[in-house]
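Analysis of the macromolecular model
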Amino acid sequence: MNLPPTLSQFLIKELTDHPEKHDLVAIMSDLATIGKIISSHTNRAGVAGIIGNAEKINIQGEEVKKLDVFCNDLCKNYLRQTGNFAAMASEEEDEVVDMGEFGKNAKYVIAFDPLDGSHNVEVNLPVGTIFSVNKLLPQFDRTNEKQFLQPGRDQVLAGYILYSASTVLVFSWGDGVYEFTLDQGVGEFLLTREKMSFPSECEIYSFNEGAYKYLANQDKKFIDYLKEEKKCSLRYVAAMVADVHRTLIKGGVFLHPAVDKKETGEFKPKLRLNYEAKPMAYLVEQAGGLATDGKFNLLEIAGESLHQRVPVFLGNKEVIDYHLKIN
Ligand code: F6P
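Rules of the game
Residues numbered from 1 in each chain as written. Predicted model: local features only at pLDDT ≥ 70, side-chain atom pairs only at ≥ 80, totals over all residues. Heavy atoms only, no water. Helix = DSSP H or I, 4+ residues; strand = E, 2+ residues; numbered from the N terminus. Rg over C-alpha atoms; globule rule 2.2 N^0.38 Å. Buried < 20%, exposed > 50% of the residue type's maximum accessible area, 1.4 Å probe, protein only. Contact = heavy atoms within 4.5 Å. Lys, Arg positive; Asp, Glu negative; His and termini not counted. Charge placed at Lys NZ, Arg CZ, Asp CG, Glu CD. Near = heavy atom within 4 Å. Polar contact = N/O pair within 3.5 Å; in protein donor to acceptor, adjacent residues only side chain to side chain. Areas by Shrake-Rupley, 256 points an atom, 1.4 Å probe, with all protein chains shown as cover. Nonpolar A, V, L, I, M, F, W, Y, C, P; charged D, E, K, R; others polar. Core = buried A, V, L, I, M, F, W, Y, C linked by side-chain atoms within 4.5 Å. Pairing = 2+ DSSP bridges. Phe/Tyr/Trp six-rings, centres within 6.5 Å; stacked < 30°, edge-to-face > 60°.

1. Focus on the overall build of the protein
When helices and strands are tallied, the protein shows seven helices and 15 strands. Taken over the C-alpha trace, the protein has a radius of gyration of 19 Å; the compact-globule value for 327 residues is 20 Å, and the two agree within 12%. When the backbone C-alpha atoms are referred to their principal axes, the protein occupies close to 50 × 50 × 45 Å. Going through the 327 residues of the protein one by one, you find that 55% of them count as buried. Considering only contacts in the protein between residues 6 or more positions apart, those separated by 24 or more positions represent 64%. Averaged over its 36 positive side-chain charges, the protein has a centre that lies 2 Å from the centre of its 46 negative ones.

Here is the structure:
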């Protein structure tokens, strides 16, 4: 029987060919384990009684779901024991998390969105986990926010796990984008795509159309251009991982611009720079696309605070470039 390589086989080969990648190989294997656990929990969420709110509001002012808490604790506790991380940042943690004694010799820091789009679980729609790994900056204390305020381009590993009809792990460590699909029966991730690259056509735009009237004029013009000139179709799941995954495979653009809902003249973005925008931008560039905040390449942005929000425009290089020009 001709089976694609499992993630374990792939990682062992990587280690043989590039012994210097030892730590990243170990990290990737640990992240895959986390993905398997979250996948099994999200599948059983209804029957296990872990759907619903945790009666808590996070630092973003958003309602925390029970599954957000589960996934955050899992990421924190599991990765702490591995000794690979000095510190962790998460959507669900107000401050940088110190990995303590376990992380005293660690060379990396990790930023997480443990369960992106968690509102989707209740209605059986896709959710995901996003991760971004950087080298520890020895000049700063490990819990200093600056550890996480490194330009997106300095990530050494970035990716996501999408829990949908199948669970897929998509990542890059700088030599293209890989996709592994979880065979639930066997309990292994199998290589399903490598050197992923955006299709050249741009036939889909992914955007919350309900927000159109709150956009800045230049963003309205861009959406009009996509609909009227490019004749794009609209697809929107409202879980970044799912929307970016479809964009990577089917092509097109994913847009989450700043909006002025109160009509005060102040445009506010929603997506988080350090654990949503930067890792996705890294994958997008590795797949031949472009990701910006509307003005700058997201990979050039270091950021000013841990939970900073940014507008996100990503996907087809030509079309995102056009948006930069009209902005
Ligand atoms: O950041 C959380 C999130 O659920 C993303 O996964 C998603 O892209 C976005 O919010 C959807 O926001 P909205 O429903 O406002 O378009």
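Now that the structure is up, let's keep going.
2. Some thoughts on the site of the ligand
The full set close to the ligand counts 14 residues, and Asp 116, Tyr 236, Met 240, Lys 270 and Glu 276 are the nearest of them. Within the side chain of His 256, one N or O atom sits 3.1 Å away from an oxygen atom of the ligand. Take Glu 276: an N or O atom from its side chain is 3.0 Å from an oxygen atom of the ligand. Calculation on the ligand without its partners gives an accessible area of 400 Å², and the protein chains cover 86% of this total. Residues that form the shell around the ligand fall into these classes: six nonpolar, four polar and four charged.

3. What to know about the nonpolar core
Judged by nonpolar contacts, the single largest core of 40 residues is most densely connected at Phe 131, Leu 157, Leu 169, Phe 171 and Trp 173. Counting residues per element, this core draws most heavily on helix 2 (residues 22-44), which supplies eight residues. If sequence neighbours within four positions are ignored, Trp 173 has contacts with Phe 10, Leu 11, Glu 14, Lys 21, Leu 24, Val 25, Met 28, Val 156, Leu 157, Tyr 178 and Tyr 282. Counting 32 residues, the second-largest nonpolar core is a separate cluster that includes Tyr 160, Leu 248, Ala 281 and Val 284.

4. Considering the pairing of strand 7 (residues 157-163)
Strand 7 sits mainly inside the fold: seven of its seven residues count as buried. Taking every second residue as pointing to the same face, both faces of strand 7 are buried, with Leu 157, Gly 159, Ile 161 and Tyr 163 on one and Ala 158, Tyr 160 and Leu 162 on the other. In the sheet, strand 6 (residues 127-135) pairs with strand 7 via seven bridges, with the strands oriented antiparallel. Each bridged residue has a counterpart across the sheet, and for Ser 132 the counterpart in strand 7 is Ala 158. Hairpin geometry of strand 7 and strand 8 (residues 167-172) is characterised by an intervening segment of three residues between the two adjacent antiparallel strands.

5. So, the packing of aromatic side chains
Enumeration over the complete set of coordinates arrives at nine aromatic pairs. Members of the aromatic cluster, each reached through a chain of ring pairs, are Phe 10, Phe 171, Trp 173, Tyr 178 and Phe 180.

6. Re the side chain of Asn 120
Its place among the elements puts Asn 120 in the loop between strand 5 (108-116) and strand 6. By relative accessible area, Asn 120 is classed as buried at 4%. Ignoring any residue separated from it by four or fewer positions in sequence, one finds Asn 120 in contact with Leu 125, Pro 126, Val 127, Val 237, Ala 238 and Ala 239.

Everything listed is a geometric property; what it means functionally is a separate question.
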